[in-house]
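Residue-level structural notes
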Amino acid sequence: MPKPWKENTPGAKVRIDTLRATRRLGRALWKKWSGYHRRSLVETKMRCFKLLGERVKARLFNSQVAELQIRAALLNRFTQLGTPITVAIP
């Protein structure tokens, strides 16, 4: 089990409060309550987005916007292709 930090360190109050809440609620319930799963999903999507290219290659602003929109459209399409379609069997 993680230990609380010393009170005089930056972020100690938040960490100690988080540890208390985790102990009271349990880790699974705390993750749902705090929205922790959303953070994980966003970090995963950002990693995938960066795999399409770390840097913007276009020089002009409008071209940069178009380049990033194309990357987002590609990522959305890849996600759509990889999402299973579930059908209820009567």
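Let us look at the structure shown here.

The rules we used
- Residues numbered from 1 in each chain as written.
- Predicted model: local features only at pLDDT ≥ 70, side-chain atom pairs only at ≥ 80, totals over all residues.
- Heavy atoms only, no water.
- Phe/Tyr/Trp six-rings, centres within 6.5 Å; stacked < 30°, edge-to-face > 60°.
- Buried < 20%, exposed > 50% of the residue type's maximum accessible area, 1.4 Å probe, protein only.
- Helix = DSSP H or I, 4+ residues; strand = E, 2+ residues; numbered from the N terminus.
- Contact = heavy atoms within 4.5 Å.
- Polar contact = N/O pair within 3.5 Å; in protein donor to acceptor, adjacent residues only side chain to side chain.
- Salt bridge = Lys/Arg side-chain N within 4 Å of Asp/Glu carboxyl O.

1. Focus on the packing of aromatic side chains
For the structure shown, the criterion picks out one aromatic pair. Between Trp30 and Tyr36, the ring centres sit 5.6 Å apart and the planes meet at 40 degrees, which makes this aromatic pair tilted. Judged by its relative accessible area of 15%, Trp30 is buried.

2. Points about the environment of Glu67
Note that Glu67 resides in helix α4 (residues 61-82). C-alpha of Glu67 to C-alpha of Trp30: the two residues are 37 residues apart in sequence and 38 Å apart in space. In this view, Glu67 contacts Arg55, Val56, Lys57 and Ala58; residues no more than four positions away in its chain are not counted.

3. Considering the side chain of Glu67
Judged by relative accessible area, which is 17%, Glu67 ranks as buried. For Glu67, the side chain forms a polar contact with the side chain of Arg71, separated by 2.7 Å.

4. Considering the pattern of salt bridges
Inspection of the entire model under this criterion finds four salt bridges. Among the ionic pairs, Asp17 bridges to Lys13, the shortest N-O distance being 3.1 Å. Taken together, the positions of Asp17 and Lys13, both in helix α1 (residues 12-25) and four residues apart, correspond to about one turn of that helix. Glu67 is paired through a salt bridge with Arg71; the nearest N and O atoms lie 2.7 Å apart.

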